[in-house]
Amino acid sequence: NAGVTQTPKFQVLKTGQSMTLQCAQDMNHNSMYWYRQDPGMGLRLIYYSASEGTTDKGEVPNGYNVSRLNKREFSLRLESAAPSQTSVYFCASRDRVTNEQFFGPGTRLTVL
Amino acid sequence: TQLLEQSPQFLSIQEGENLTVYCNSSSVFSSLQWYRQEPGEGPVLLVTVVTGGEVKKLKRLTFQFGDARKDSSLHITAAQTGDTGLYLCAGAGDDKIIFGKGTRLHILP
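In this text the structure is predicted, and so the values were computed from the model without any measurement. (Residues numbered from 1 in each chain as written. Chains lettered and ligands numbered in written order. Predicted model: local features only at pLDDT ≥ 70, side-chain atom pairs only at ≥ 80, totals over all residues. Heavy atoms only, no water.)

Moving on, we come to the overall build of chain A. Helix and strand counts for chain A stand at zero helices and 11 strands. For chain A, the N- to C-terminal ordering of α and β elements is β-β-β-β-β-β-β-β-β-β-β. For a compact globule of 112 residues, the expected C-alpha radius of gyration is about 13 Å, and chain A comes in at 13 Å, within 12% of that figure. By its C-alpha atoms, chain A is 40 × 25 × 25 Å across when sized along the principal axes. A buried classification covers 47% of the 112 residues belonging to chain A. The long-range fraction of contacts in chain A, counting pairs at least 24 apart against all pairs at least 6 apart in sequence, stands at 54%. (Helix = DSSP H or I, 4+ residues; strand = E, 2+ residues; numbered from the N terminus. Rg over C-alpha atoms; globule rule 2.2 N^0.38 Å. Buried < 20%, exposed > 50% of the residue type's maximum accessible area, 1.4 Å probe, protein only. Contact = heavy atoms within 4.5 Å.)

Structure (structure tokens):
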């Protein structure tokens, strides 16, 4: 039982490059989330998926796209990376009975 | 727009002292949560409070939910160096969970 897994753990991109951050959960949760965390800013919601087949924008969706591939997997794509997207990205899934969110270990992304 | 305001942003105190951190909102949430985050890891849930006026205790940590369900506090009694970390409050709605900016707590030996 791995919980929430994220790949990669670290990534360095050049401005304009694209990449996809992968996330998977094995807890059979319907809801999944992508956050970014910057110093002094807490966790800001990028996109979320309340259930398989649905996605919605969060607080800071510009420059990102998401895909809810199936119930387990929720990916985040940067089509043309910008230095402002340098951050730590966390994926989470939510137990709708307890409302507890379970977080992955994060992806540290640097855009040069 | 952040809907949850946490204070203080930083707190550094000596081991053995007591402290309180606050989480205030202009919105009503169905529940408020407190998470703790260690460096290099994701946040981990400490407690969820649901009912206005509710008080929950977790060893030396006491969590309170305001009567109007808009604010919450976390009180730590006799802080220990192991309490050092980032404490985040979060408001849970039907679909989204919104986080405050966090209180970075440093307990000095």
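Still more ground to cover, so stick around.
So, on to the sheet that holds strand β7 (residues 64–68) of chain A. Residues and elements named next belong to chain A. Taken in spatial order, the four strands make up an open sheet running β1-β3-β8-β7, and their pairing is antiparallel. The sheet terminates laterally at β1 (4–7) and β7, the two strands that pair on one side only. Sheet twist, expressed as the mean angle between neighbouring strand axes with direction ignored, is 15°. As defined by bridge partners, β1 adjoins strand β3 (residues 19–25) across four bridges and the pair is classed as antiparallel. Paired with Thr7 across the strands is Gln22, a residue of β3. (Pairing = 2+ DSSP bridges. Axes fitted to C-alpha atoms, helices over the stretch in contact; angles between N-to-C directions.)

Right, let's talk about the interface of chain A and chain B for a bit. Listed per partner, the contact involves 23 residues of chain A and 25 residues of chain B. Here chain A packs against chain B, burying approximately 1,800 Å² in sum over the two surfaces, 49% of which is carbon and sulfur. Linking chain A with chain B are zero salt bridges, by the criterion used here. Put simply, chain A and chain B have six residue pairs in polar contact (both at pLDDT 80 or more) between them. (Buried area = accessible area lost by both parts, 1.4 Å probe. Salt bridge = Lys/Arg side-chain N within 4 Å of Asp/Glu carboxyl O. Polar contact = N/O pair within 3.5 Å; in protein donor to acceptor, adjacent residues only side chain to side chain.)

A few words now on the nonpolar core. If you look at the biggest cluster of nonpolar residues, it comprises 20 residues, and the most contacted ones within it are Leu19, Trp34, Phe63, Leu74 and Ile76 of chain B. Once residues lying within four places of it in the same chain are set aside, the contact partners of Leu19 of chain B are Leu11, Ile13, Leu74, His75, Ile76, Ala79, Leu105 and Ile107 of chain B. The next biggest cluster of nonpolar side chains, apart from the first, holds 19 residues, and it includes Tyr64, Leu76, Leu78 and Val111 of chain A. (Core = buried A, V, L, I, M, F, W, Y, C linked by side-chain atoms within 4.5 Å.)

Further remarks concern the packing of aromatic side chains. Working definition: an aromatic ring pair is given by the centre-to-centre distance plus the angle between the planes. Under the counting rule described, the total for this entry stands at 10 aromatic pairs over all chains. Measuring from centroid to centroid gives 5.3 Å for Tyr35 of chain A and Phe99 of chain B, while their planes differ by 90°, and the two rings are edge-to-face. Residue Tyr35 of chain A is found in strand β4 (residues 31–37), and its partner Phe99 of chain B is found in strand β10 (residues 97–99); the two belong to separate chains. We classify Tyr35 of chain A as buried; its relative accessible area is 0%. What makes Phe99 of chain B buried here is its relative accessible area of 0%. Judged by centre distance (6.5 Å) and plane angle (45°), the ring pair of Trp34 of chain B and Phe63 of chain B falls under tilted. Highlighted residues: Trp34 of chain B in strand β4 (residues 31–37) and Phe63 of chain B in strand β7 (residues 61–65), separated in sequence by 29 residues. (Phe/Tyr/Trp six-rings, centres within 6.5 Å; stacked < 30°, edge-to-face > 60°.)

So, about the pairing of strand β6 (residues 55–58) of chain B. Within a regular strand, side chains alternate between the sheet's two faces. Where β6 of chain B and β7 of chain B come together, four bridges link them in antiparallel fashion. Its bridge partner being in β7 of chain B, Leu58 of chain B is matched across the sheet by Leu61 of chain B.

Right, let's get into the environment of Ile97 of chain B. In this structure, Ile97 of chain B sits in strand β10. When its relative accessible area of 0% is taken as the criterion, Ile97 of chain B is described as buried. Spatially, the C-alpha atom of Ile97 of chain B lies 21 Å from that of Val55 of chain B, the residues being 42 residues apart in sequence. Apart from the residues lying within four places of it in its own chain, the contact partners of Ile97 of chain B are Tyr33, Tyr35, Arg94, Asn99 and Gln101 of chain A together with Gln33, Ala90, Gly91 and Ala92 of chain B.

Residues and elements named next belong to chain B. Taken in spatial order, the five strands line up as β1-β3-β8-β7-β6 in an open sheet, and their pairing is antiparallel. Only two strands of the sheet have a single partner each, and these edge strands are β1 (4–7) and β6. Averaged over all pairs of adjacent strands, the angle between their axes in this sheet comes to 15°, without regard to strand direction. Both β7 and strand β8 (residues 71–76) contribute to a ladder of five bridges, which runs antiparallel. Opposite Phe65, over in β8, you have Ser72 as the bridge partner.

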